[in-house]
Amino acid sequence: MKADYLIIGNSAAGLSAAESIRLLDSHGSILVLTEENFKNYSKPLITYYLAGKVNLDQMYYRSPAFYAQKNIMLCTDTCIVGMNTEKKEVISAQGRKFSYNKLLIASGGIPVLPPIPVSGGGLLKDEMKKIEGIYTLTTLEDARRLKKYIEKNHIRKAVVLGAGLIGLKAAEACLELGLTIHLIELSDRILAATFDHKASKIMEARIEQKQGRIYTSNTIKQIKASQGTVEKLILADGKQIDTNLLIAAVGVRPHTAFIDAGTIETERGIIVDKHMQTTAEHVYAAGDVASSTDILKKRAENIAIWPLAVMQGRVAGMNMAGKRQEYGGGFFMNAVEIMGIPSISMGLSGPQESKDAEVLTQEDGSSSIYRKVVIEKNRIVGLIMLGHIERAGIYAGLIKNRIDIGNIKENIIREDFGLIQLPADYKKHLVVGEGIEV
Amino acid sequence: MKKIYIKEEYCIGCRLCEIYCQVKHSKSKKIIKAFKTELDMVPMVTVEEIGHHSFAVQCRHCPDAPCVDACISGAMSKNEKSGVVTCDDQKCVGCWSCIMVCPYGVIKRKLGEKKIASKCDLCQDELEPVCVKNCPNEALVLAEEEEKDES
Amino acid sequence: MALKPRQTDFEVVRDQDKCISCQVCLRQCSNDVHEYDSDQDIIYSDNSQCVGCHRCESLCPTGAMKIKQSESEFRQNFNWSPAHIKNIYKQADSGGVLLTGMGADRPYPIYWDHILFNAAQVTNPSIDPLREPMEIKTFIGNKSDVVGVDIDQGETFNMKLKQDISPQLVLSTPILFSAMSFGSISFNACASLARAARQFGTFYNTGEGGMHKDLEIYASNTIVQVASGRFGVDIDYLKRAAAIEIKIGQGAKPGIGGHLPAEKVTEEVSNARMIPQGTDAISPAPHHDIYSIEDLMQLIYALKEATDYQKPVGVKVSAVHNVAPIASGIVRAGADFVTIDGLRGGTGAAPQAIRDNIGIPIELALASVDTRLREEGIRHKASVIAAGSIRSSADIVKAIALGADAVYIGSAALLALGCNLCQKCYTGKCNWGIATQDPYLTKRLNPNIGTRRLENLLRGWSLEIKEMLGGAGINAIESLRGNREHLRGIGIGEKELAVLGIKHAGEAW
Ligand SMILES: Cc1cc2nc3c(=O)[nH]c(=O)nc-3n(C[C@H](O)[C@H](O)[C@H](O)COP(=O)(O)OP(=O)(O)OC[C@H]3O[C@@H](n4cnc5c(N)ncnc54)[C@H](O)[C@@H]3O)c2cc1C
C-alpha cells in the first residue's frame, strides 16, 4: 500500500498530525497504522477506565466518524517491525509493505521492565507472560486485562512499583476500586520528576490516610510466584509483601525497535530538528517517541506528555504538508489529582541543585495547600501547586515565554496572583491582545 | 469570529460580570434563587484587581488553544465554524490538564460532585454573552477583530 | 469626643430577601457606606455616610436597595427648616464655610414653569418637521448692521455679499455645553463633552481648566475661557480654539473666584492649567486688569488682535441685578456674544450661602438684557447665550422666545452622564466618575458611553424643539428669537410679566 502521508501511531501525536495535514492538504492520502485493535482512545484515560469512571465509549477522544469525516485511512492490528528509508517503505509483522512520500513516526513509548528476578527463573521481562498477576499499564488492552483479573480473582490488594505519573494514577484507580495499595518508589519521594519533598509528603499523607502504604527509597528485590501466579514480593530493605497483583509502572521508553537505525539517529528518543524532522529525509517523529527541545534543560529531551505530543504532532503534520512551522520546545509538566488533592507541577521544581535558584514557597499546613515557585535569573523555571491549582497556566506561560519577572517577584507567590500583576508588556499582550490575535 | 475584548481602562471592578455569569450557568437561572440556594456556583469570568486597576478576563478562545491540545479526554474542543472553545461536561474527567496550560488562567474547577473543568462558553444561546451584556461600563465588548477599537 | 447632633440625610433601605451579598454596592461606594460581614454573610450600611448619589441602587443586580430621604424628622417648624438646623450643626462643628456643588436648590420661583408656549390654529398653519424643512441651525457672533449683495447679472447670476461678515460659530442646534473645567470634572467627562460636541456639530467650553493635550483634536469644537486666574492661557490655546469666552462671573457664585485645592491639581490638571503640580489653583474674584467696561474692551481687543479677528470673542457674566446695563456695556465693548448665567447655574464647588442667595433667575435676566439691547439698537451686534439651569427642550424654546440666541447646558449634560445631583462635587468623590480626579472613580465614566448619551440628549431635544416650532407654525429658529408674542405667563404677577415682556395667559394678541 502507498500513501502520501504515512503515520505510525494512532494516538495523540499521530492523530494531531493527521488532522493538521488534512487542514492543509485536502486531497493527499493519509494512512494511519497502529498495532492495537482500537480505533482511537486516550491513553491517559486508561486508569479512569480501570477505576470505572469512564466506559469504553468515553475512551474515544475523537468520534467514531472521525476517520471518515477527515478522509483518513486507518489500519489497526498492524505492528510495524522494520523500515527502509531509501525505498521509503515500512513493513508490518504480517509482512505487509507500506510506502510513503512522508512518514511520521509517532509510536509513543513502551513500558520499561526493571531487571527483577522472579522465583524459579529469569528476569521479570521474560517471566511476565508466564505468570499471572503482573501487569504494566500503558494500553487500553492492559487496562482491560487488569480489570478482568481484579474482578475475576476478587483482588483486594495491589502493589504498584513506581510512583511516577502512571504509577500514581494506577494507585489511585486501585484505591477507588476499594483495593488497599502499596506503592514502592526507588526515589526518596513520589512524583520525583517534579515534586519536592514537601509536596511529596503532603500527597503521601493523603494516600496513607486512604488505605495506602508508601515505601520510598525502596524497590522490589525479588518476585515470588506459585502456581503461575504472583504471591509475594521481597523489597530491597527486606520487607515482604504478600500480593496477587503487581503493577509495574517504572516508566516508558521511546518505542524505536523498528526504526532504520542506519539513517535515523536516536538519543533515548528519535532526534528531531525544529520542524520535527528526523535525520532521515521525509521522515518525521513526534510525541513520546521523539527527543525534542526542552527549553528549561536547553537540550533535546524525551518529554512524554500528552500536550506536547499533540503540539509536536501538529507541527510535524504541517511541515509534512509543506508548511514550514517551528516547534518552540516544551518542558515537563504534570497535573494529577490524588485522593482529592489536585496538583500541578512543572519544570525544574524538584529539590534544587542550582545555586542560582531562588525558591519562593507558601503553605498552609492544615489544608494541604502548598505552592512553590522556582526562579533562576529572574525567570520562572519551576512550579508546584497543591490544593489550589487555578491559574497554574499563567506560570506555564511565564516559563514558556521566558518572561522577566524581576519586578513582580513579591507578587508571584501570592494566592491572588493573576494576569494583573504581570509585567506591563506581557500583560497588555495577554489582556488587551496587543501584538497577538487573541 | 466575534470575541470578547477587554477595555481595561473602563473596568470599574463591580464584578457584575461574575454575578451574571454565575446566574446564567446556574440551574435556576434566577438571580436571587441561584445565589441563595446554589452554593457551588463558579463564575467563568474573573475580575482581577490591584488598586484602581482592574479588568475582567474570560476564555480568549485562542486559535491554537492549548487547552484543546492538552485535553486527554476530548472534552475540550474548538468549534470549527464558530471558533468557540467549549468543555463537554459529559466527557471531562477533571484531570486539570487544561488548567495547567491555559496562559490566561481562566479555566477553573467546577465545585460539585463530579470533577469537571469550567470555562467560558461565550453564552452560545444568547445574542451576547451575559458578562458583556451586563457590564455597566462597556468594559467588555463583543466584536470582530477589526471592529474591536470602534465604538 | 463631644457628642454631635445627628446629621443623617439619607437612609439605605436594603431588602434582605433580595440581597444576595454580591457586594456590588460596597465596591461602588466611595463614601464607605456599606460593609460586608462575612460571618453573617450580610451587608450593613452606615446611613450617616450616604450622600444620596444612588450609585449602589443603580447597580444593584437584584433591586434590593433603595435610597430614601432620611425619615428621621425634626419637629415641624416653618422658620427653622431641617436644612438650616443641619447647617448650623455642621458649622458649629467645623467653624468653616459650608461648601456645596451644582446649582441653587432653594424654592425660588422658576419662571420657565410659569411660561407657556404657543401653537398655530386655523389662521396660520402648523408645520410637520418630519415632512417639511425646519431650520434650527444657529449662528453665534456679531451680525452686520446692514447686508447688501452684489449680483452678477451675467449668465451665472452669482451673488456676493458686499460686507465682510464677522466670525461666527455655526451650531447645528441652539445648544452648547457650558464651561466645566478639567479639574472640576474628570478627563473622561471632558472627553465625552468634546466628542459629543464634535459629532453633533456644536461646542463645548473648557472653563478655566485649560485644554488637555488629548482634547486638542477637538479644538475646532471648543470654546476656550480666559478667566481671572488665566489658567492654561497662551497664544496656542487661543489660536486653537473656535471661540474665546472671557469669564467674569458664574451664576452659582457671582462675585467670587474659585479655588481648586492643591490635592486636585494632579499632573494632568497641572499640565492643562499650566501651573505647578500640587499647588492651589486660585482664581481671583475679579480680573485684576478689569475695573471698567473700557478695561474689558481692552482685553476683548487684545484677544481679537492675538487671534487675527478670526474668531468670536464673548463675555460671560452672572445674572445680577444690573445685568442689563452690564450686558449693554459688554456689547459696546466689542463682544461678539454675551453669556448670561442665572441664579440656578451649577458649579463644582461654591459656598452654599452664595450659591443659594446671590443673583437673579436667568429668565428675568435674559428678558431684561434682550429688551435693553433692543432698545439701544445693538441687539444684533452680539449673540446672547442663556445659561443657568436649562432643564428641557421646552426651557430652550422659551429662552429663545425670550431673546436668547442659544443656550448653554451644564447640569443637564452632567445628568446625561449619570449625575444624580447629590451636590457633593466639591468632595472629589463623585461615584459617577464625573466630578473627580480619583483614578478609581474616573474610569466609571466611559467616554464612549458618555458621548453617546450626550448626543442622544442633543438629538432628542433638537427633535422636540423642531416639533414645538412646527406646532407654532415657525420653520426657522431665527423667527422665534425674541418673539415673545409666542409666550404667555401663568400664575405670575404684573411686575414679573412686565420684566419678562410677556402677556398673561388668556390675553390675545
Ligand atoms: C496510564 C497513563 C496515564 C497518562 N496520563 C497522562 C496525563 O495525565 N497527562 C499527560 O500529559 N500525559 C499522560 N500520559 C502520557 C500520554 O499518554 C502520552 O504522552 C501520549 O499518549 C503520547 O502520545 P503519542 O502519540 O506520542 O504516543 P502513544 O500514545 O504512546 O501512542 C503510540 C501509538 O503508536 C502505536 N504504535 C506503537 N508502536 C507501533 C508499531 N510498531 N507499529 C504500529 N503502531 C505502533 C500505538 O498503537 C499507539 O497508537 C499518560 C500515559 C499513560 C500510559
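Residues numbered from 1 in each chain as written. Chains lettered and ligands numbered in written order. Predicted model: local features only at pLDDT ≥ 70, side-chain atom pairs only at ≥ 80, totals over all residues. Heavy atoms only, no water.

What about the overall build of chain C?
Consideration 1: When you go through chain C residue by residue, the secondary structure sums to 15 helices and 23 strands.
Consideration 2: Across its three principal axes, chain C shows a C-alpha extent of roughly 90 × 55 × 45 Å.
Consideration 3: Buried residues in chain C amount to 52% of all 509 residues.
Consideration 4: Looking at chain C alone, contacts between residues at least 24 apart form 69% of all its contacts between residues at least 6 apart.
Consideration 5: Carbon and sulfur atoms form 51% of the exposed surface of chain C, whose accessible area is close to 22,700 Å².
Consideration 6: Taken together, the 52 basic and 57 acidic charged side chains of chain C have centroids lying 1 Å from each other. (Helix = DSSP H or I, 4+ residues; strand = E, 2+ residues; numbered from the N terminus. Buried < 20%, exposed > 50% of the residue type's maximum accessible area, 1.4 Å probe, protein only. Contact = heavy atoms within 4.5 Å. Areas by Shrake-Rupley, 256 points an atom, 1.4 Å probe, with all protein chains shown as cover. Lys, Arg positive; Asp, Glu negative; His and termini not counted. Charge placed at Lys NZ, Arg CZ, Asp CG, Glu CD.)

Observations concerning the packing of aromatic side chains
Consideration 1: Under the counting rule described, the total for this entry stands at 8 aromatic pairs over all chains.
Consideration 2: Summarising the aromatic geometry, the rings of Tyr61(A) and Trp306(A) are spaced 5.0 Å apart at their centres and angled 75° between planes, so their arrangement reads as edge-to-face. Remark: Trp306(A) occurs in helix α9 (residues 306–320) and Tyr61(A) occurs in the loop between α3 (56–59) and α4 (66–69); sequence separation between them is 245 residues. Per residue, the accessibility class of Tyr61(A) equals that of Trp306(A), and both read buried.
Consideration 3: Taking the centre distance of 5.4 Å and the plane angle of 50° together, the rings of Tyr135(A) and Tyr149(A) count as tilted. In this pair, Tyr135(A) is assigned in strand β8 (residues 134–135) and Tyr149(A) in helix α6 (residues 140–152), connecting sequence segments 14 residues apart.
Consideration 4: The ring of Tyr49(A) carries Lys147(A) above its face, with NZ or CZ at 5.4 Å from the centroid.
Consideration 5: Over the ring of Tyr301(C) we find Lys304(C); its NZ or CZ atom is 5.2 Å from the centre of that ring. (Phe/Tyr/Trp six-rings, centres within 6.5 Å; stacked < 30°, edge-to-face > 60°. Lys NZ or Arg CZ within 6 Å of the ring centre and 35° of its normal.)

A closer look at the site of the ligand
All names here are of chain A.
Consideration 1: The local shell around the ligand holds 35 residues, among which Ser-11, Thr-34, Glu-36, Lys-169 and Asp-288 are the closest.
Consideration 2: Backbone polar atom of Asp-288 to an oxygen atom of the ligand: 2.8 Å apart, as the coordinates give it.
Consideration 3: For the ligand, whose free accessible area comes to 990 Å², the fraction covered by protein is 97%.
Consideration 4: Mapped by element, the contributors of at least two residues to the shell around the ligand are α1 (12–24), α2 (46–50), α7 (165–176) and α9.
Consideration 5: Among the residues making up the shell around the ligand, the classes are represented as 18 nonpolar, 12 polar and 5 charged.
Consideration 6: Residue-level mapping places the shell around the ligand at the junction of two domains, with at least three residues from each of domain 1 (2–110 + 253–320) and domain 2 (124–250). (Near = heavy atom within 4 Å. Polar contact = N/O pair within 3.5 Å; in protein donor to acceptor, adjacent residues only side chain to side chain. Nonpolar A, V, L, I, M, F, W, Y, C, P; charged D, E, K, R; others polar. Domains from an automatic or database assignment.)

A word on the domain arrangement of chain C
Residue and element names in this part refer to chain C.
Consideration 1: Split by domain assignment, chain C resolves into domain 1 (10–100) and domain 2 (169–483).
Consideration 2: Centre-to-centre, using C-alpha coordinates, domain 1 lies 32 Å away from domain 2.
Consideration 3: Contacts between the two partners involve 16 residues from domain 1 and, on the opposite side, 17 residues from domain 2.
Consideration 4: When the two sides are added together, the surface that domain 1 and domain 2 hide from each other amounts to roughly 1,600 Å², 50% of it contributed by carbon and sulfur.
Consideration 5: Here domain 1 is connected to domain 2 by 11 residue pairs in polar contact (both at pLDDT 80 or more).
Consideration 6: Those elements giving two or more residues to the side of domain 1 that touches domain 2 turn out to be α1 (24–28), α2 (55–59) and β5 (99–100).
Consideration 7: Residue composition of the side of domain 1 that touches domain 2, by class: 6 nonpolar, 8 polar and 2 charged. (Buried area = accessible area lost by both parts, 1.4 Å probe.)

Some details on the interface of chain C and chain B
Consideration 1: Each partner contributes to the interface: chain C provides 24 residues, whereas chain B provides 23 residues.
Consideration 2: Across the interface of chain C and chain B, roughly 1,900 Å² is buried in total on both sides, 57% from carbon and sulfur atoms.
Consideration 3: One can count 1 salt bridge joining chain C with chain B.
Consideration 4: For Glu138(B), the salt bridge goes to Arg452(C), with nearest N and O atoms at 2.3 Å.
Consideration 5: It is helix α14 (residues 447–471) of chain C that provides the largest number of residues to the side of chain C that touches chain B, a total of 4 residues.
Consideration 6: Across the side of chain C that touches chain B, the residue classes break down as 11 nonpolar, 6 polar and 7 charged. (Salt bridge = Lys/Arg side-chain N within 4 Å of Asp/Glu carboxyl O.)

A word on the packing of helix α11 (residues 393–402) of chain C against α14(C)
Residue and element names in this part refer to chain C.
Consideration 1: Between α11 and α14, whose axes approach to 9 Å, the crossing angle comes to 55°. Here α11 is positioned oblique relative to α14, judged by the angle of their axes. The crossing of α11 and α14 is right-handed. Where α11 abuts α14, its residues Ser-393, Ala-394, Ile-396 and Val-397 lie against Trp-461, Glu-464, Ile-465 and Met-468.
Consideration 2: Here the residues of the contact of α11 with α14 are counted per class, giving 6 nonpolar, 1 polar and 1 charged. (Axes fitted to C-alpha atoms, helices over the stretch in contact; angles between N-to-C directions. Parallel < 35°, antiparallel > 145°, perpendicular 65-115°, else oblique. Left-handed = near helix turned anticlockwise from the far one by under 90°.)

Details of the arrangement of the chains
Consideration 1: By contact count, the dominant pairing among the 2 pairs of chains in contact is that of chains A and B.
Consideration 2: A gap remains between chain A and chain C, with no contact made and the closest C-alpha atoms lying 15 Å from each other.

What to know about the sheet that holds strand β20 (residues 290–294) of chain A
Strand pairing in a sheet relies on backbone hydrogen bonds. The paired strands run either parallel or antiparallel.
Residues and elements named next belong to chain A.
Consideration 1: Spatially, the 4 strands line up as an open sheet ordered β17-β18-β20-β21, and their pairing is mixed. If you trace the sheet from one side to the other, it starts and ends with β17 (266–267) and β21 (299–301), each paired once.
Consideration 2: Taken together, the 2 bridges between strand β18 (residues 269–271) and β20 define a ladder with parallel strand orientation. When the bridges of β20 are listed, Ile-271 appears paired with Ser-291. (Pairing = 2+ DSSP bridges.)

What about the pattern of salt bridges?
Consideration 1: Counted according to the given criterion, the structure contains 50 salt bridges over all chains.
Consideration 2: Linking Glu126(B) and Lys24(B) is a salt bridge whose minimum nitrogen-to-oxygen distance equals 2.9 Å. Here the residue Glu126(B) occupies a position in the loop between β7 (117–118) and α5 (130–133), and Lys24(B) occupies one in helix α1 (residues 16–24), the gap between them amounting to 102 residues.
Consideration 3: Given a relative accessible area of 12%, Lys24(B) falls into the buried group.
Consideration 4: As a salt-bridge pair, Asp9(C) and Lys86(C) come within 2.7 Å of each other at their nearest N and O atoms. One end of the pair, Asp9(C), is in the segment before β1 (10–14); the other, Lys86(C), is in helix α3 (residues 82–94), with 77 residues separating them in the sequence.
Consideration 5: With relative accessibility at 15%, the residue Lys86(C) sits in the buried group.
Consideration 6: Taken together, the shared-partner salt bridges connect Asp370(C), Arg374(C), Arg379(C), Asp405(C), Glu478(C), Arg481(C) and Arg484(C) into one network.

Some remarks on the side chain of Gln28(C)
Consideration 1: If you trace the backbone, Gln28(C) turns up in helix α1.
Consideration 2: A polar contact is formed between the side chain of Gln28(C) and the backbone oxygen of Ile12(B), at a distance of 3.4 Å.
Consideration 3: The contacts of Gln28(C), once residues within four sequence positions are left out, are Ile12(B), Cys14(B), Arg55(C), Leu59(C), Asn431(C) and Arg444(C).

Here's the deal with the domain arrangement of chain B
Residue and element names in this part refer to chain B.
Consideration 1: Taken as a whole, chain B is organised into domain 1 (1–59 + 122–151) and domain 2 (63–119).
Consideration 2: Contact with domain 2 buries surface across domain 1, with Val-42, Met-44 and Cys-59 losing the most and accounting together for 43% of the total.
Consideration 3: At the junction of domain 1 with domain 2, the criterion picks out 0 salt bridges.
Consideration 4: At the surface where domain 1 touches domain 2, the tally comes to 2 residue pairs in polar contact (both at pLDDT 80 or more).
Consideration 5: For the side of domain 1 that touches domain 2, the class distribution of residues is 9 nonpolar, 3 polar and 2 charged.

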